[in-house]
Amino acid sequence: MSELMHALVRVSEKAADIARACRQEESLFSLLIEEKKEGEKNKKFVTDFKTLADVLVQEVIKHDIGKQFPGIENNIFGEESNEFRNGLGEKIEVRVCETEQDTSRLLCKVLGENTEAAEVLARAAHSDFALPDLGTGDFSIPLDSLGVWVDPIDSTFQYIKGISDSVPNSNIYSEGLQCVTVLIGVYHLQTGAPVMGVVNQPFAVLDPETQRWTGQYYWGISSGSINVNSLQSSAGGAKEHHCSTLAASTQQGALCSVVLSTGEAECVKRVFLEALKGGVHYAAGAGYKSLCVVLGLVDVYVFSEDTTFRWDCCSPHAILRSMGGGMADLKEILRLRHDGTLEERPELMYHTPVQDATGPDRWANKGGLIAYRSKAHLNEVLKLLLKASL
Ligand code: 2IP
Ligand code: CA
């Protein structure tokens, strides 16, 4: 299975490369934006956007992983449908073809015969990335017991806005390209538990001279007695400054900081503002906020609404589990606490849809979430929310 983790990280690097390539060329970027179809709309935004980059990235992930691990492609699920409509109103199914030339020809149709753009994208989709050994160690899980959730580009809104000069507060970016992530999470088809994940941040560091971005990736595996991640290993994508941030943070004990969505309910914001004062941060992107917890920039990420989805959470959830943390279903855990029955922790699950829901809402995290690295922090959050009768 270490090969699967390696393949996931490698394809996430390719995905990040495509995401960066699409942003460099403004004229190309504006061509790529398409409004989401009604049924696929994230109800949070009045206008939500789907980009060709989004669709292409998801197809590249399916293609590459399916090629190396035949059969698994049937269990790779994502936010995007691969149907794309070009300026002429033609419906085109975007996919990665056998050869770069064929992919380029297909993309050309989507791009209104913009051959140059199609060639650049096809080249990126067929490129190969060398990756060092991750140092995951050996372990085995039957491949046919695994499913994969992909969010090709999380925080599409920030991706489209493209702010590159956002200033961080306590190393946390409230907005900007830093909030964009590629999320690939693997879960157990039978139990729904997350087992493996990679979070790739395509726009992590901007070189002020060249104005070019470099990315960063983080991975984790949590399966049975195996719990490893890139933050504890010397290999992999985690740079040292991130590791030291984690070491300095409050791993155990008192709750000092939280990251929230700007769209969080006022009553929840108030609870944390009263208890944590300057420890309350706001940031865009469900993947990025989860990453802030993974990196120890904050203790927890709390979200009480129902507008995150399985594809937003599976990969960071696997990494958090590998650190001894997790992602709890907020409403469910509060309900159990009210009843005084809680010893177990109701975690988000990835294998069953929400009953009676349709479209993307079938895979919404209906009860909200609490992402945490330590159980002590989770308990502190619950105490605060219960005290406020939430
Ligand atoms: C979105 C994205 C948003 C997030 C929302 C996700 O995914 O991560 O930023 O809202 O929950 O579904 P917020 O930033 O307020 O947490 P996408 O960009 O892929 O639609
Ligand atoms: Ca998302």
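Thresholds, definitions, all that
Residue positions are counted from 1 within each chain, in the order its sequence is given. As they are written, the chains are lettered A onward and the ligands numbered 1 onward, keeping that order. Thresholds applied to this predicted model are a pLDDT of at least 70 for local features of residues and 80 or more for the giving and counting of side-chain atom pairs; totals over whole chains, interfaces and linings are not thresholded and use all residues. The basis for the side-chain values is all heavy atoms of the structure; hydrogens and waters are excluded. Here a strand is any run of E in DSSP of at least two residues, a helix any run of H or I of at least four, and the numbering for each starts at the N terminus. Whether a residue is buried, partly exposed or exposed follows from its accessible area with a 1.4 Å probe, protein chains only, as a fraction of its type maximum: under 20%, in between, or over 50%, in that order. Contacts are assigned to residue pairs that have any heavy atoms within 4.5 Å of one another. The protein chains shown are the only cover counted for residues, whose accessible areas, like all others here, come from Shrake-Rupley with a 1.4 Å probe. What makes two strands pair is DSSP finding at least two bridges between them. Interaxial angles span 0 to 180 degrees and are taken between N-to-C directions of axes, which are lines fitted to C-alpha atoms, for helices over the stretch in contact. Multiply 1.5 Å by the residue count of a helix minus one, and that product is the helix's expected span. Confidence scores here are pLDDT values: one per residue, from the predictor, ranging 0 to 100. Within this scheme, the nonpolar core is defined by two criteria: the residues are buried Ala, Val, Leu, Ile, Met, Phe, Trp, Tyr or Cys, and they are joined through side-chain atoms within 4.5 Å. Because water is not among the atoms used, a metal site may look incomplete, as its donors are only the N, O and S atoms within 2.8 Å, or 3.2 Å for Na, K and Ca.

A. Structural context of the overall build of the protein chain. What the protein chain contains, in helices and strands, is twelve helices and 15 strands. Of all 390 residues assigned to the protein chain, the portion counted as buried reaches 56%. Here the analysis covers contacts within the protein chain between residues at least 6 apart in sequence; of these, 68% occur between residues at least 24 apart. Surface exposure of the protein chain reaches about 16400 Å², of which carbon and sulfur atoms provide 48%.

B. Broad picture of the sheet that holds strand E14 (residues 326-329). Across the sheet, which stays open at both edges, the five strands sit in the order E12-E11-E13-E15-E14 with mixed pairing between neighbours. Either end of the sheet is taken by a strand with one partner, and the two such strands are strand E12 (280-282) and E14. Within the sheet, the average angular offset between the axes of one strand and its neighbour, ignoring direction, is 25°. Relative to strand E13 (residues 300-303), strand E11 (residues 258-260) runs parallel, the two sharing two bridges.

C. Inspection of helix H10 (residues 310-322) at higher detail. Taking 1.5 Å of rise per residue, the 13 residues of H10 would be expected to cover 18 Å, and the 18 Å separating its terminal C-alpha atoms lies within 8% of that figure. Across the 13 residues of H10, twelve count as buried, placing the element largely inside the fold. Along H10, the positions that sit buried rather than exposed are Arg-310, Trp-311, Asp-312, Cys-313, Cys-314, Ser-315, Pro-316, His-317, Ala-318, Ile-319, Leu-320 and Ser-322. Taken from the residues just after H10, Gly-324 is the one with a positive phi, measuring 95°.

D. Here's a closer look at the confidence of the model for the protein chain. Residue-level pLDDT values for the protein chain average 86, and 86% of them are 70 or greater. The model gives residues 41-49 a pLDDT under 50, and that stretch makes 24 contacts with residues more than four places away or in other chains. Taken together, the stretch residues 235-251 has pLDDT below 50 and engages in 39 contacts with residues farther than four places along the chain or on a different chain.

E. Expanded view of unusual backbone geometry. The phi torsion at Ser-155 lies on the positive side, around 70°, for a residue other than glycine. Mapped onto the elements of the fold, Ser-155 is located in the loop between strand E6 (146-154) and helix H6 (156-161). Note on Ser-155: relative accessible area 12%, which makes it buried. The phi angle at Asn-171 is positive, at roughly 70°, despite the residue not being glycine. Looking at the element boundaries, Asn-171 is found in the loop between H6 and strand E7 (181-188).

F. View of the nonpolar core. Judged by nonpolar contacts, the single largest core of 61 residues is most densely connected at Ile-65 and Met-196. Of all the secondary-structure elements, those providing two or more residues to this core are helix H1 (2-24), helix H3 (52-68), helix H4 (100-110), helix H5 (115-126), E6, E7, strand E8 (194-206) and strand E9 (213-223). For this core, the leading source of residues is H1, giving ten residues. Those residues in contact with Ile-65 that sit more than four places away from it in its chain are Leu-4, Ala-7, Leu-8, Val-11, Ile-72 and Ile-76. If you look at the next biggest cluster of nonpolar residues, it comprises 37 residues, including Leu-183, Tyr-288, Leu-291 and Val-298.

G. Representation of the coordination of the calcium ion (ligand 2) in the model. Donor atoms from the polypeptide that coordinate the calcium ion (ligand 2) comprise Asp-151 (OD), Asp-154 (OD) and Asp-312 (OD), at 2.1 to 2.3 Å from the metal. In the primary structure, the donors to the calcium ion (ligand 2) are separated according to the pattern D-x2-D-x157-D. Here Asp-154, found in strand E6, pairs with Asp-312, found in helix H10; they are 158 residues apart in sequence, far enough to count as distant. Asp-154 sits in the buried class, given a relative accessible area of 7%. Under the relative-accessibility criterion, Asp-312 is labelled buried at 5%.

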